[in-house]
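Working through the structure, step by step
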Amino acid sequence: MLIRFVARFVALLTLLSVCLFGEIAHSATAEKARNDRVVKNGLMISLEYTLKSPEGKVLETSQGREPLKYIHGQKMMVPGLEKELTGMKVGGEKNVTVKPEEGYGKVNPNAVQEVPKEKIPANALKVGAVLAARSPEGMVVPMTVKQIKEKTVVMDMNHPMAGKTLVFDVKVVDIQPAPPAKPAVPATPAKPAEPTKK
């Protein structure tokens, strides 16, 4: 009877150790696979970041918020930063300096226009106010009030960071496959015109 009990006890211990070891091995393999992923085109990257001026002034940060998520290689990030993130692994940290040419571009003097004063909301009639306009392609374009004249407002359509060197402190916190693209929804056809009555 004692031998049968010991045999069952040993069998139970063996089964538990196989299950436990298998779970540990599976967990370690999953963690290793996650950590072996590198930032490359087509993957969803979660990033903690702090953007500073070259003098060290914090301009923007993800601290206290969810990490920034973007799909690498889809031009969702300034080119100079995206280039430096390529090849990084989860947990990797880096300090990246981005020149204007690889950031928001140089200041374009032709991107300054005068707009009739009545086209600008009253609460935005102050130098430095930033408005958002939509381009013909549907892109949101920030515009900054540069000068207020008697009948017009001078608007600068350069990005507020154009012409500036940007300093990023970044940390890759996760790398996942990108979500599948949503299929395009076909446009609803227009109703046929009613015949004109004579």
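Here, every reference points to the structure presented above.
Scoring rules and cut-offs
- Residues numbered from 1 in each chain as written.
- Predicted model: local features only at pLDDT ≥ 70, side-chain atom pairs only at ≥ 80, totals over all residues.
- Heavy atoms only, no water.
- Core = buried A, V, L, I, M, F, W, Y, C linked by side-chain atoms within 4.5 Å.
- Buried < 20%, exposed > 50% of the residue type's maximum accessible area, 1.4 Å probe, protein only.
- Helix = DSSP H or I, 4+ residues; strand = E, 2+ residues; numbered from the N terminus.
- Contact = heavy atoms within 4.5 Å.
- Polar contact = N/O pair within 3.5 Å; in protein donor to acceptor, adjacent residues only side chain to side chain.
- Pairing = 2+ DSSP bridges.
- Axes fitted to C-alpha atoms, helices over the stretch in contact; angles between N-to-C directions.
- Patch = residues over 30% accessible without salt bridge, like charges linked within 9 Å, V, L, I, M, F, W, Y side chains within 5 Å.
- Areas by Shrake-Rupley, 256 points an atom, 1.4 Å probe, with all protein chains shown as cover.
- Salt bridge = Lys/Arg side-chain N within 4 Å of Asp/Glu carboxyl O.

1. Topic: the nonpolar core
- Residues Val39, Leu81, Leu85 and Phe168 are the most contacted members of the largest nonpolar core, which totals 21 residues.
- Listing elements by their share of this core, those giving two or more residues are β1 (43-52), α2 (79-85), β4 (93-98) and β9 (166-177).
- In contact with Val39, not counting residues within four places along its chain, are Ile45, Tyr70, His72, Leu85, Thr86, Gly87, Met88, Val172 and Ile175.
- Among the nonpolar cores identified, the runner-up in size contains nine residues, and Val115, Ala124, Ala129 and Val145 belong to it.

2. Describing the side chain of Thr50
- Turning to its location among the elements, Thr50 is positioned in strand β1.
- Accessibility expressed as a relative area gives 14% for Thr50, which makes it buried.
- There is a polar contact of 3.0 Å between the side chain of Thr50 and the side chain of Thr61.
- Setting aside chain neighbours within four positions, we find Thr50 in contact with Val58, Glu60, Thr61, Gln63, Val167, Phe168 and Asp169.

3. A look at the sheet that holds strand β8 (residues 152-156)
- Ordered in space as β5-β8-β7-β6, the four strands form an open sheet in which the pairing is antiparallel. Two strands close off the open sheet at either side, each with one partner strand: β5 (112-116) and β6 (130-134). Averaged over neighbouring strand pairs, the angle between their axes works out to 40 degrees when direction is ignored.

4. As for a nonpolar patch on the surface
- A contiguous nonpolar patch, built from Leu125, Val127 and Ile148 and spanning about 230 Å² of accessible area, is present on the exposed surface.
- Inspection of the secondary structure assignment puts Ile148 in strand β7 (residues 140-148).
- On the basis of relative accessible area, Ile148 is assigned to the partly exposed category, the value being 31%.

5. Topic: the side chain of Ser53
- As for its placement among the helices and strands, Ser53 is situated in the loop between β1 and β2 (58-61).
- Those residues in contact with Ser53 that lie beyond four places of it in its chain are Leu59 and Val167.

6. A look at the pattern of salt bridges
- The final tally for this structure, using the stated rule, is five salt bridges.
- Here Asp169 ties to Lys52 by a salt bridge, and the two come within 2.7 Å at their closest N and O atoms. Remark: Lys52 occurs in strand β1 and Asp169 occurs in strand β9; sequence separation between them is 117 residues.
- Note on Asp169: relative accessible area 27%, which makes it partly exposed.
- The shortest N-O distance in the salt bridge between Lys94 and Glu84 comes to 3.4 Å. You can see Lys94 sitting in strand β4 and its partner Glu84 sitting in helix α2, a full 10 residues away along the chain.
- We classify Glu84 as partly exposed; its relative accessible area is 31%.

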